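Here is how the chains run, residue by residue.
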Amino acid sequence: MRRKVPSLVDLCVRTAIDNIKYLGDVGETDHHLLDRILSHCNLDELKHIEDSTQGSDLSPVTDKMWKKFYKVRFGADSTDMVVERMRKRKTTVLWRLLYEAKLSEMEQAEKESVDRMTQRYREETARKQSRQVKLCSKVPPSSSRKRSFCGGVGASNIYNTKSSLMKKAKIEFVNSREVKNIAAMKNKMVHRNHSVSSTGKPLTSGYASSSSKLTTKPYERRF
Amino acid sequence: MKKEDTVKLISAEGFEFVIDKKAAMVSQTIRNMLTSPGSFAETEHGEVTFPEISTTILEKICQYFYWSLQYASGKETEFHIEPELTLELMMAANYLHT
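Here the structure is a predicted model, which is why all the values come from computation and not from measurement.

Asks: Got a sec to walk through the sheet that holds strand S3 (residues 47-49) of chain B? Specific residues and values, please.
Replies: Residues and elements named next belong to chain B. If you walk across this open sheet you meet the three strands as S2-S1-S3, and the pairing is mixed. A single partner strand is all that each edge strand has here, and the edge strands are strand S2 (16-20) and S3. Averaged over all pairs of adjacent strands, the angle between strand axes in this sheet comes to 25°, irrespective of strand direction. In this sheet, S3 lies alongside strand S1 (residues 6-10) in parallel orientation, the contact comprising three bridges. By the bridge assignment, Leu9 is partnered in S3 with Val48. Sitting on the sheet, helix H3 (residues 55-72) is in contact with S1 and S2, with an inclination near 10° to S2.

Below you can see the structure in the form of structure tokens.
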């Protein structure tokens, strides 16, 4: 009993199905043959083939396939609604166009939804951050301490220094004889504004030798 | 091969393939051309020209004919088809009813 020999057409159809992802321009292929092959396509493959076949219109073959894809993607209810709408308006639109329109509509709605959520998340994060304790990089100067020391030359200088080394140096300086003397002299100046000394000796020369740093001024000194 | 047992198939480019009549008869179209009385003018001298079928495709078709005879006689092997020939071969096979 001889087995039926497969026809060349059948062999070709099988090969075409096996190589469906390589199909592009199907040109003038018979529609009934295309029907057999394209029913094995997935959406991307069908789209590619239709787009590559510029010379002829494949919609008589592909329209029912697009309807199937529509139903799978968007559900039977939506499909029925579209069918009803077309019937009422007495128009028919290619299912591929219906599919693409619905898809873009859904993508737009999804994008808006994501944008809204992202915005809300950002607002919430900002709100939380504004309530957090923040670290400052600079210490603001404490002006209140300055005001509490009314006397002493350079007292405010000591307490405004940041380095303890400088602090020590400044304390020593303030306590040194020279600075104390100047402070005393300043006080005297205030009290003896109008009086003029009768001795009028320049005493600065003797004094100058012991503290050359000081600027010598011609005023009276009391020993 | 005796001339009476062969036919000549001519491609669009003018290539001539001389094959057994028995092989050629695998194609229903060629069988009709060769057997029906008062048949096509082209087949008078046992020659058939196919202006729409290219040489590569016609060659493959002839290979199929012989493969088909082999298959029918019990030797079942695979008939390989190059992917790039598929669509064109399919259309020619459809035309030749084979």
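Asks: Please set out the pattern of salt bridges residue by residue, giving values where relevant.
Replies: Applying the stated rule across the entire model yields twelve salt bridges over all chains. Across the pair A:Arg127 and A:Glu124 runs a salt bridge, and its minimum N-O distance is 2.9 Å. Note that A:Arg127 and A:Glu124 are positioned in helix H6 (residues 95-130) at a spacing of three residues, about one turn of the helix. A relative accessible area of 43% places A:Arg127 in the partly exposed class. In this structure, the salt-bridge partner of B:Lys8 is B:Glu47, at a minimum N-O distance of 3.5 Å. One end of the pair, B:Lys8, is in strand S1; the other, B:Glu47, is in strand S3, and 39 residues separate them in sequence. By relative accessible area, which is 28% here, B:Glu47 ends up partly exposed. Each member of the salt-bridge network shares a partner with another, and the members are A:Lys47, A:Glu50, A:Asp51, A:Arg96 and A:Glu100.

Asks: I'd like to hear about the interface of chain B and chain A, residue by residue, with values.
Replies: Contact with chain B, which involves 19 residues of that partner, is made by 23 residues of chain A. Across the interface of chain B and chain A, roughly 1,800 Å² is buried in total on both sides, 75% from carbon and sulfur atoms. Counting the contacts that link chain B with chain A gives zero salt bridges. At the boundary of chain B and chain A, one finds five residue pairs in polar contact (both at pLDDT 80 or more). Looking at the side of chain B that touches chain A, the elements with two or more residues in it are H3 and helix H4 (86-95) of chain B. Per element, the largest residue contribution to the side of chain B that touches chain A is seven residues, and it comes from H4(B). Class assignment for the residues of the side of chain B that touches chain A results in 13 nonpolar, five polar and one charged.

Asks: Which residues make up the nonpolar core, and what values go with them?
Replies: Counting residues in each nonpolar core, the largest one holds 59 residues, and the members touching the most others are A:Leu8, B:Leu9, B:Phe50 and B:Ile61. Sorting elements by how many residues they give to this core places H3(B) first, with nine residues. Viewed by domain, this core spans two of them, domain 1 (1-56) and domain 2 (62-131) of chain A, each represented by three or more residues. Sequence-distant contacts of A:Leu8, defined by excluding residues within four places in its chain, comprise B:Ile61, B:Tyr64, B:Phe79, B:Ile81, B:Leu89, B:Ala93 and B:Thr98.

Asks: Break down H3(B) for me, with residues and values.
Replies: The end-to-end C-alpha distance of H3(B) is 26 Å, a good match for the 26 Å that 18 residues give at a rise of 1.5 Å each. Restricting attention to buried positions, one finds in H3(B) the residues B:Thr55, B:Ile57, B:Leu58, B:Lys60, B:Ile61, B:Cys62, B:Tyr64, B:Phe65, B:Trp67, B:Ser68, B:Tyr71 and B:Ala72. Where H3(B) is buried, its residues touch helix H1 (8-18) of chain A together with S1, S2, helix H1 (21-24), helix H2 (28-35) and H4 of chain B. Just beyond H3(B), the residue with positive phi is B:Gly74, at close to 115°.

Asks: An account of the confidence of the model for chain B is requested, with residue identities and associated values reported.
Replies: Residue and element names in this part refer to chain B. On average, chain B scores 89 in pLDDT, and the residues at 70 or more come to 89%. The secondary-structure element of chain B with the lowest mean pLDDT is H2, recorded at 88, while H3 shows the highest, at 96. The ipTM, which scores confidence in the relative placement of chains, is 0.91 for this predicted complex, and the corresponding pTM is 0.63.

Asks: Kindly report on helix H3 (residues 43-52) of chain A, identifying the contributing residues and their values.
Replies: Restricting attention to buried positions, one finds in H3(A) the residues A:Leu46, A:Ile49 and A:Glu50. The arc that holds every buried residue of H3(A), seen down its axis, measures 95°, which confines them to one face.

Asks: Quick one: what's the story with the environment of B:Val7, residue by residue and with numbers?
Replies: Residues and elements named next belong to chain B. Within the secondary structure, Val7 sits in strand S1. Val7 sits in the buried class, given a relative accessible area of 2%. Expressed as a C-alpha distance, the spacing of Val7 and Glu47, which sit 40 residues apart in the sequence, is 5.8 Å. For Val7, the contacting residues outside a window of four places in its chain are Phe17, Val18, Ile19, Asp20, Lys21, Ala24, Leu34 and Gly46.

The rules we used
- Sequence order sets the numbering: in each chain, residues are counted from 1 along the sequence as written.
- Whichever chain is written first becomes A and whichever ligand is written first becomes 1, with later ones labelled in order.
- Whole-chain, interface and lining totals are the exception, using all residues; otherwise, since this is a predicted model, local features are given only for residues with pLDDT of at least 70 and side-chain atom pairs are given and counted only at 80 or more.
- Excluding hydrogens and water, the side-chain values take into account all heavy atoms of the structure.
- What makes two strands pair is DSSP finding at least two bridges between them.
- Strands here mean DSSP runs of E at least two residues long; helices mean DSSP runs of H or I at least four residues long; both are numbered from the N terminus.
- The convention used is that axes are lines fitted to C-alpha atoms, helices contributing only their stretch in contact, and that angles between N-to-C directions extend from 0 to 180 degrees.
- A contact between two residues is defined here by any heavy atoms of the two lying within 4.5 Å.
- Here a salt bridge means any side-chain nitrogen of Lys or Arg lying within 4 Å of a carboxyl oxygen belonging to Asp or Glu.
- Burial classification: accessible surface area is computed with a 1.4 Å probe over protein chains only, and a residue below 20% of its type maximum counts as buried, one above 50% as exposed, and the rest as partly exposed.
- Buried area adds together the accessible area that both of two parts lose upon being put together, with accessible area traced by a 1.4 Å probe.
- In protein, a polar contact requires one atom able to donate a hydrogen and another able to accept it; more generally it is a pair of N or O atoms within 3.5 Å, and residues adjacent in sequence count only if both atoms are side-chain atoms.
- Three residue categories are used. Nonpolar comprises Ala, Val, Leu, Ile, Met, Phe, Trp, Tyr, Cys and Pro, charged comprises Asp, Glu, Lys and Arg, and polar comprises the others, including Gly.
- To define a nonpolar core, start from buried Ala, Val, Leu, Ile, Met, Phe, Trp, Tyr and Cys residues and group those joined through side-chain atoms within 4.5 Å.
- Throughout, the edges of the domains are those of an automatic or database domain assignment.
- Given the number of residues in a helix, its expected span is that number minus one, multiplied by 1.5 Å.
- Each residue carries a pLDDT score, the predictor's own confidence in it, on a scale running from 0 to 100.
- This arc describes the spread of directions from the helix axis toward the C-beta atoms.

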